[in-house]
Amino acid sequence: MASSKVVILGTGGTIAGTAASATDAVGYAAAQLGVAQLVAAVPALASRSLECEQVAQLDSKDMDHATWQRLAQRAAHHLARPDVAGVVVTHGTDTLEETAYLLHRVLAPAKPLVLTAAMRPATALMTDGPQNLLDAVTVALDAQAGGVVVAFGGRVWAGAEVRKVHTYRIDAFAAGDAGPLATVEEGSVRWSRAAPKTQALGLAAIAADPARWPRVEIVLNHAGAGGMLVDALVAQGVQGVVVAGTGNGAVHHVLEAALLRAQGAGVRVLRSTRCASGPVIGEAALPSAGALTAVQARVELMLQMLPTE
Ligand code: ASP
């Protein structure tokens, strides 16, 4: 018989947030409720075979590498269990795309690893968390589901493509040019395409003490950009720099000169874009991050430089 258990890993976020008033959807504290409380608030989940584990309790703006390491380890542990069909992670929306990309590259699981979140706290008059959580469990149990995906706002996004595109609306995610993978409709999933695949790096790739993970920073191109930030980062021992270029990854000539100097000094540099959609195409003096957003490129560069022990 196919396994039907779903493990729900809690990490905090607005989905676990509370406000003093039900009409307050922005002035709230994230990461207040435990993951078991989130599940208990969704009557439709009572009939499901679920297991909850609190991996962290934070506002995802404060996400850190140690939490990523622990989350990846716990997700991998549960995904390896034969009685588990899939794993759901409740998360904040702010850095959801970074966590999703990291888990995609490190684990690339055959079973579904479904991240979900909410834009409104659990106490809001019309909160989006319970429906998103229910949809995430639906996706985790769907026979066609696999890999790292995000269930949010009635749609399923690829962990490799998803990005937050709005500051407060409940329809806050998109996937650049790619669009969603699927729609969740009244408890069933309608797939449009399969999630992009990758070769998993494996947990060993992120086994190093997080204090030793390489320092990779992001700088932005803009009118009047200079090299001061890059020079300061190099002086501080930065190991990688992602530049979010203008348009098709273009970089002001003064900033570019500083980045080339950094590269010459052994710092890895990747050129992304500050545009909300579209890959960086074509060659230039600095290597392109392709279709990766600046924050994804930062994760990618860090993963490529992590010490293996
Ligand atoms: N700051 C919150 C977080 O990322 C925002 C949210 O979850 O919507 O944890």
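Our structure is the block above this text.
What comes next concerns the included structure. Model, not experiment: these values are computed from the prediction.

**Describing the overall build of the protein chain**
Okay, so step 1: Counting its secondary structure elements, the protein chain contains seven helices and 13 strands.
Okay, so step 2: In terms of overall dimensions, the protein chain is globule-like: its C-alpha atoms have a radius of gyration of 20 Å, near the 19 Å expected for 309 residues.
Okay, so step 3: Its C-alpha atoms give the protein chain principal-axis dimensions of roughly 60 × 45 × 35 Å.
Okay, so step 4: Pairs at least 24 residues apart make up 71% of the contacts formed inside the protein chain by residues separated by at least 6 positions.
Okay, so step 5: For the protein chain, the exposed area adds up to about 13300 Å²; of that, 54% sits on carbon and sulfur atoms.

**Structural notes on the site of the ligand**
Okay, so step 1: Around the ligand, the surrounding shell consists of Gly13, Thr14, Tyr28, Asp59, Ser60, Lys61, Gly92, Thr93, Asp94 and Ala118.
Okay, so step 2: Within the side chain of Asp59, an N or O atom sits 2.7 Å from a nitrogen atom of the ligand.
Okay, so step 3: In this structure, Ser60 approaches the ligand through a side-chain N or O atom, which is 2.5 Å from an oxygen atom.
Okay, so step 4: The protein chains hide 93% of the 270 Å² of surface that the ligand would expose on its own.
Okay, so step 5: Class assignment of the residues belonging to the shell around the ligand gives a composition of two nonpolar, five polar and three charged.

**Remarks on unusual backbone geometry**
Okay, so step 1: Although it is not a glycine, Ala31 sits at a positive phi angle of roughly 60°.
Okay, so step 2: Assignment of secondary structure puts Ala31 in the loop between strand E1 (5-12) and helix H1 (35-40).
Okay, so step 3: For Ala31, a relative accessible area of 11% puts it in the buried group.
Okay, so step 4: For Ala108, which is not glycine, the phi dihedral falls at a positive 35°.
Okay, so step 5: Relative to the elements of secondary structure, Ala108 occurs in the loop between helix H3 (96-106) and strand E4 (112-116).

**Thoughts on the side chain of Asp142**
Okay, so step 1: Assignment of secondary structure puts Asp142 in the loop between helix H4 (129-140) and strand E5 (147-152).
Okay, so step 2: Buried charge without a partner: Asp142 forms no salt bridge, and the closest opposite charge is Arg48, 9.9 Å away.
Okay, so step 3: Within polar-contact distance, the side chain of Asp142 engages the side chain of Trp191 at 2.9 Å.

**Notes on the nonpolar core**
Okay, so step 1: Leu9, Val87, Leu103, Leu113, Leu115, Val150 and Phe152 are the most contacted members of the largest nonpolar core, which has 50 residues in total.
Okay, so step 2: Apart from the residues lying within four places of it in its own chain, the contact partners of Leu113 are Ala75, Leu79, Val87, Val89, Leu103, Leu107, Gly147, Val148 and Val149.
Okay, so step 3: If you look at the next biggest cluster of nonpolar residues, it comprises 27 residues, including Val39, Val88, Val149 and Val189.

**Examining the pairing of strand E10 (residues 188-191)**
Okay, so step 1: In E10, alternate side chains face the same way, and those of Val189 and Trp191 are buried while those of Ser188 and Arg190 on the opposite face are not.
Okay, so step 2: Pairing geometry for strand E9 (residues 182-185) and E10, over four bridges, is antiparallel. Counterpart to Thr183 in the pairing with E10 is Arg190.
Okay, so step 3: Hairpin connection from E9 to E10: two residues lie between these consecutive antiparallel strands, with Glu186 at a positive phi of about 45°.

**Re the sheet that holds strand E13 (residues 268-273)**
Okay, so step 1: Spatially, E11-E12-E13 is the arrangement adopted by the three strands of the open sheet, whose pairing is parallel. Sheet topology places strand E11 (216-220) and E13 at the edges, where each strand pairs with a single neighbour. Sheet twist, expressed as the mean angle between neighbouring strand axes with direction ignored, is 20°.
Okay, so step 2: With five bridges connecting them, E11 and strand E12 (residues 240-245) associate as parallel partners. Along E12, the bridge assignment pairs Ile218 with Val242.
Okay, so step 3: Together, E11, E12 and E13 form the strand contacts of helix H7 (residues 294-305), whose direction differs from that of E12 by roughly 160°.

**Re the environment of Val55**
Okay, so step 1: For Val55, the location among the structural elements is in strand E2 (residues 50-58).
Okay, so step 2: Note: C-alpha distance between Val55 and Trp68 (13 residues apart in sequence) is 9.9 Å.
Okay, so step 3: Beyond its immediate stretch of four places on either side in the chain, Val55 contacts Leu9, Gly10, Arg70, Leu71 and Arg74.

**Structural notes on a nonpolar patch on the surface**
Okay, so step 1: A surface patch of nonpolar side chains, amounting to about 330 Å² of accessible area, comprises Leu125, Met126 and Ile170.
Okay, so step 2: If you trace the backbone, Leu125 turns up in the loop between E4 and H4.

**Let's talk about the sheet that holds E5**
Okay, so step 1: Taken in spatial order, the eight strands line up as E2-E1-E3-E4-E5-E6-E9-E10 in an open sheet, and their pairing is mixed. The sheet terminates laterally at E2 and E10, the two strands that pair on one side only. Within this sheet the neighbouring strands show an average axis-to-axis angle of 25°, counted without direction.
Okay, so step 2: Note that strand E6 (residues 155-158) and E9 share two bridges and pair antiparallel. In the strand pairing of E9, Arg155 is matched with Thr183.
Okay, so step 3: Of the strands in this sheet, E1, E2, strand E3 (84-90) and E4 touch helix H2 (residues 65-79), which is tilted by about 175° from E2.
Okay, so step 4: Here H3 sits on the sheet and contacts E4 and E5; the angle it forms with E4, its principal contact strand, is near 170°.

The rules we used
- Residues numbered from 1 in each chain as written.
- Predicted model: local features only at pLDDT ≥ 70, side-chain atom pairs only at ≥ 80, totals over all residues.
- Heavy atoms only, no water.
- Helix = DSSP H or I, 4+ residues; strand = E, 2+ residues; numbered from the N terminus.
- Rg over C-alpha atoms; globule rule 2.2 N^0.38 Å.
- Contact = heavy atoms within 4.5 Å.
- Areas by Shrake-Rupley, 256 points an atom, 1.4 Å probe, with all protein chains shown as cover.
- Near = heavy atom within 4 Å.
- Polar contact = N/O pair within 3.5 Å; in protein donor to acceptor, adjacent residues only side chain to side chain.
- Nonpolar A, V, L, I, M, F, W, Y, C, P; charged D, E, K, R; others polar.
- Buried < 20%, exposed > 50% of the residue type's maximum accessible area, 1.4 Å probe, protein only.
- Lys, Arg positive; Asp, Glu negative; His and termini not counted.
- Salt bridge = Lys/Arg side-chain N within 4 Å of Asp/Glu carboxyl O.
- Core = buried A, V, L, I, M, F, W, Y, C linked by side-chain atoms within 4.5 Å.
- Pairing = 2+ DSSP bridges.
- Axes fitted to C-alpha atoms, helices over the stretch in contact; angles between N-to-C directions.
- Patch = residues over 30% accessible without salt bridge, like charges linked within 9 Å, V, L, I, M, F, W, Y side chains within 5 Å.

Distances and angles like these do not, on their own, reveal function.
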